[in-house]
Amino acid sequence: MALQISATNPEHPTLLLDLPWHLPLEQWPDKHLVPLPRGISRHVVRYARAGDEIIAVKELAERPAVREYEMLRTLDRLAIPAVDPLAVVTGRVDADQEPLQPVLITRHLQGSQPYRSMFETTMRPDTVHRLMDALAVLLVRLHLVGFAWGDCSLSNTLFRRDAGAYAAYLVDAETAETHQRLSDGQRAYDIELAQVNISGEMLDLEASGALHPSLDPIAFGTDIGRRYEELWSELTRVSVYPAGKHHYIERRIRRLNDLGFDVAEMQIGHEANGDTVTFVPKVVDAGHHQRQLLRLTGLDTEENQARRLLRDLECWMATQDDYAPGDPATRSRTHADPAGAQGARPEVLAHRWVREVFRPTVRAVPEEHRRGLDPAELYHELLEHHWYLSQRSQHDVALDAAVADYVRTVTHQPDTRA
Ligand SMILES: Nc1ncnc2c1ncn2[C@@H]1O[C@H](COP(=O)(O)OP(=O)(O)OP(=O)(O)O)[C@@H](O)[C@H]1O
Ligand SMILES: [Mg+2]
């Protein structure tokens, strides 16, 4: 059987051909490998270089490899945060023509960290809570599109920084199943698995002395259920309003927006007696602020980063002479209206902000001081630092002074990020 590479992108097979497929993954020479932190796994996983890209290579049997590849492709189509599948390599043989296990190749998720390396220096309880919140959001998003994870755990998740919080990405889809819709029983089972897994991982961390003493491993694992249920119910519950109080619906939609979700489809019904109206969001899409920021500026960021950047953009717009007040996002949708026409279009102002504020601010931090942070995260840190300095000195410190101070005082800290 000949070596076979099935890939999503036609460029990848040629880059991948240079890798030593005739060697078991454990014996790959260092020159191909990238020493980044990995989570715990049953299979052999290594990071390797393919052209300019860093890839994660996982050795496993053919059927699960193909299955996981397809699952990750489906998740990608559904816009769920998960690692990007690149290829499956089958038909590997060693120098003696003995068969070797196939591999699944995914793109290394830039700026991500497995939870173990994040816990290496004992994490503040606050930070652990944020990780769990991110994981609950991921689980809810999966369930909304009919995806049962089957093995939700910290080690099957990767975390990326997101403006002081975290964004969780699914990394292991081997046990996942897709359905048209999940029943309550299927959801409950998935959460139960998550609770058992997370409690186990927390106990493990406790045993190795990496868990903050104030955190109870079992209670903490169980708590993922509460976080999940709160969000699930907020997103899916039916609300009943007195007839004529349509602003209640508006209010519910705004609350969902604040949580980072858009209502793409809703169901509104009148009760038979005509006194009440029921409202239920039927399709909710995550990424409310992400989409707004992308539309206005072309910047593609995580959700909380987008929220932070939009707030800064709005403040900046308010200081511009040709600014017409209002929500930049709604104005961009209705810019045909005459009130908006008096000021510059929000997109025009937003692009100016990118050119004159965002980019120059980020560029003011020399590359070697950026610690691998992506521009949006770096900008968020700069805003935080600016705020902190202004608070401390009780007056508004200039942004460029704050950036200079950030470079001097903050970025010399040891970098543990990829
Ligand atoms: N694309 C990627 N980007 C970054 N890290 C990755 C990627 N793919 C895998 N990893 C790392 O490798 C680890 C193991 O991957 P994975 O969970 O898929 O292996 P596994 O053997 O199937 O795990 P399990 O023991 O849960 O079955 C992950 O926890 C993660 O740290
Ligand atoms: Mg795993």
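Predicted model, so just to flag it, every value in this text is computed and none were measured. (Residues numbered from 1 in each chain as written. Chains lettered and ligands numbered in written order. Predicted model: local features only at pLDDT ≥ 70, side-chain atom pairs only at ≥ 80, totals over all residues. Heavy atoms only, no water.)

## Some thoughts on the coordination of the magnesium ion (ligand 2)
Geometry reference: four tetrahedral donors at a metal, ideal angle 109.5 degrees. Six octahedral donors, ideal angles 90 or 180 degrees.
Thinking step 1. With distances of 2.0 to 2.4 Å, the protein atoms coordinating the magnesium ion (ligand 2) are Asn156 (OD1) and Asp172 (OD). Within this pair, whereas Asn156 is found in the loop between strand S7 (147–148) and strand S8 (157–162), its partner Asp172 is found in the loop between strand S9 (165–170) and strand S10 (177–178), the two being separated by 16 residues in sequence. The burial state of Asn156 is the same as that of Asp172; both residues are buried. (Donors = N, O, S within 2.8 Å, 3.2 Å for Na, K, Ca; no water. Helix = DSSP H or I, 4+ residues; strand = E, 2+ residues; numbered from the N terminus. Buried < 20%, exposed > 50% of the residue type's maximum accessible area, 1.4 Å probe, protein only.)

## Some points on the site of ligand 1
Thinking step 1. If you check the shell around ligand 1, you find 21 residues, and the closest are Gly39, Arg42, Lys58, Arg107 and Ser155.
Thinking step 2. The contact in question runs from an oxygen atom of ligand 1 to an N or O atom on the side chain of Lys58, over 2.6 Å.
Thinking step 3. Between ligand 1 and Arg107, the relevant distance is 2.8 Å, taken from a nitrogen atom to a main-chain nitrogen or oxygen of the residue.
Thinking step 4. Burial of ligand 1 by the surrounding chains reaches 95%, relative to a free accessible area of 620 Å².
Thinking step 5. Going through the elements one at a time, strand S2 (45–50), strand S3 (53–59) and strand S5 (103–107) are the ones with two or more residues in the shell around ligand 1.
Thinking step 6. A class-by-class count of the residues in the shell around ligand 1 yields eight nonpolar, seven polar and six charged. (Near = heavy atom within 4 Å. Polar contact = N/O pair within 3.5 Å; in protein donor to acceptor, adjacent residues only side chain to side chain. Areas by Shrake-Rupley, 256 points an atom, 1.4 Å probe, with all protein chains shown as cover. Nonpolar A, V, L, I, M, F, W, Y, C, P; charged D, E, K, R; others polar.)

## What to know about the confidence of the model for the chain
Thinking step 1. Across the chain, the average pLDDT comes to 90, with 93% of residues at or above 70.
Thinking step 2. The least confident element of the chain, judged by mean pLDDT, is helix H11 (residues 338–341) at 44; the most confident is S7 at 97.
Thinking step 3. Under a pLDDT of 50 for its full length, residues 331–341 has, in the predicted model, 14 contacts with residues more than four places off or in other chains. (pLDDT = per-residue confidence, 0-100. Contact = heavy atoms within 4.5 Å.)

## Quick look at the sheet that holds strand S12 (residues 261–270)
Thinking step 1. Strand order in the open sheet formed by three strands is S11-S13-S12, and the pairing between neighbours is antiparallel. Whereas interior strands pair on both sides, the edge strands pair on one side only; in this sheet they are strand S11 (239–242) and S12. The average angle at which neighbouring strand axes cross in this sheet is 30°, direction not considered.
Thinking step 2. Here S12 runs beside strand S13 (residues 276–286); their pairing, made up of nine bridges, is antiparallel. By the bridge assignment, Val263 is partnered in S13 with Val284. (Pairing = 2+ DSSP bridges. Axes fitted to C-alpha atoms, helices over the stretch in contact; angles between N-to-C directions.)

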